[in-house]
Amino acid sequence: MHGSTRIRLIEPGDAAPIAVHRARDVEAFRWWEPTQPAEFFTPEGQAERIDKLLAGHRAGTVRPGVVLADDQVIGQVTVGGILPQLHLRRGSVGYWIASVAQNQGHAGRAVGLVLRVMTDELGLHRAEVSTHLENLPSQGVLRRNGFSAYGVAHSSIFLDEHWRDGLLWERILGD
Ligand SMILES: CC(C)(COP(=O)(O)OP(=O)(O)OC[C@H]1O[C@@H](n2cnc3c(N)ncnc32)[C@H](O)[C@@H]1OP(=O)(O)O)[C@@H](O)C(=O)NCCC(=O)NCCS
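Quantities reported herein were computed from a predicted structural model and do not represent experimental measurements. (Residues numbered from 1 in each chain as written. Predicted model: local features only at pLDDT ≥ 70, side-chain atom pairs only at ≥ 80, totals over all residues. Heavy atoms only, no water.)

Considerations on the nonpolar core
In this structure, Tyr 95, Met 118 and Phe 147 are the most contacted members of the largest nonpolar core, which totals 27 residues. Elements that contribute at least two residues to this core include exactly strand S2 (63-69), strand S3 (72-83), strand S4 (90-97), helix H4 (106-121), strand S5 (126-132), helix H5 (136-144) and strand S7 (162-172). Considering each element in turn, this core owes the most residues, 7 residues, to H4. Excluding anything up to four places from it in sequence, Tyr 95 contacts Glu 33, Gln 76, Val 77, Val 111, Val 129, Ser 138, Val 141 and Leu 142. By size, the runner-up hydrophobic cluster in this structure holds 13 residues, among which are Ile 10, Ala 15, Phe 29 and Ala 98. (Core = buried A, V, L, I, M, F, W, Y, C linked by side-chain atoms within 4.5 Å. Buried < 20%, exposed > 50% of the residue type's maximum accessible area, 1.4 Å probe, protein only. Helix = DSSP H or I, 4+ residues; strand = E, 2+ residues; numbered from the N terminus. Contact = heavy atoms within 4.5 Å.)

Here's what the structure looks like:
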């Protein structure tokens, strides 16, 4: 899983590797990702989810991507909540990297690549991310990509059986 990092638009064929990663990483991700129904961890459930993401892509509200290392799917990087109006032009970035491929710089590079997509392809002006207050690996990824923390959204996401605060991050694109 070492080597270069690429991102591309998600495809129906990505369902199987994503299901394998997410089933393996349930415990590792429990603190950082919302609880998911059983079908989330099957290729069929992921295929349905990919259909919805691609529908969002066609509608212009989502840019759903996968992260590749040596042409293998190792994670996802998605721009959601896209507001393309000229006076807003912003989107929220979400990402995960499979435990077997972590700590090799893939998330840092994938976020850098998606910022270029947001600027050059989507014409956006502002990127936003929310992290768990204690998600230091994710915060390191954001700092390395020029994000700054600008506030706390109290009790904003239900993770591991509790409402958690979110640390809010921003990056003005083109800076
Ligand atoms: C957060 C997450 C995406 C980070 O993914 P990752 O690919 O391990 O991230 P990176 O490798 O880019 O950075 C992690 C660390 O590896 C180090 N690193 C970077 N490049 C490296 C390289 N070439 N070799 C070794 N280590 C490297 C970085 O210094 C970083 O350490 P730091 O946090 O002390 O700065 C991953 O842990 C994950 O998916 N977690 C669960 C889901 C999640 O939290 N998603 C984010 C929600 S906001």
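A word on the packing of aromatic side chains
The geometry of an aromatic ring pair is captured by the separation of the ring centres together with the interplanar angle, meaning the angle of the planes. Considering all chains together, one arrives at 4 aromatic pairs under this definition. Taken together, a centroid distance of 5.3 Å and an interplanar angle of 65° make the contact between Phe 158 and Trp 163 edge-to-face. Residue classification places Trp 163 among the exposed residues on the basis of a relative accessible area of 54%. Between Arg 22 and the ring centre of Trp 96, over which it is positioned, the NZ or CZ distance is 5.0 Å. A cation over an aromatic ring shows up here: Arg 164 above the ring of Trp 31, its NZ or CZ 6.0 Å from the ring centre. (Phe/Tyr/Trp six-rings, centres within 6.5 Å; stacked < 30°, edge-to-face > 60°. Lys NZ or Arg CZ within 6 Å of the ring centre and 35° of its normal.)

Things to note about the pairing of S3
Counting buried residues in S3 gives 9 out of 12 residues, a clear majority hidden from the surface. Of the pairings in the sheet, the one linking S2 to S3 comprises 7 bridges and is antiparallel in character. From the neighbouring strand, Val 66 faces S3, where its bridge partner is Gln 76. Remark: 2 residues form the turn of the hairpin made by S2 and S3, two consecutive strands paired antiparallel; Asp 70 in that turn has positive phi of roughly 50°. Across 7 bridges, S3 lies against S4 in antiparallel orientation. The residue bridging Gly 80 from the neighbouring strand is Ser 92, located in S4. (Pairing = 2+ DSSP bridges.)

Interpretation note: all reported values are geometric properties and have no functional meaning in isolation.
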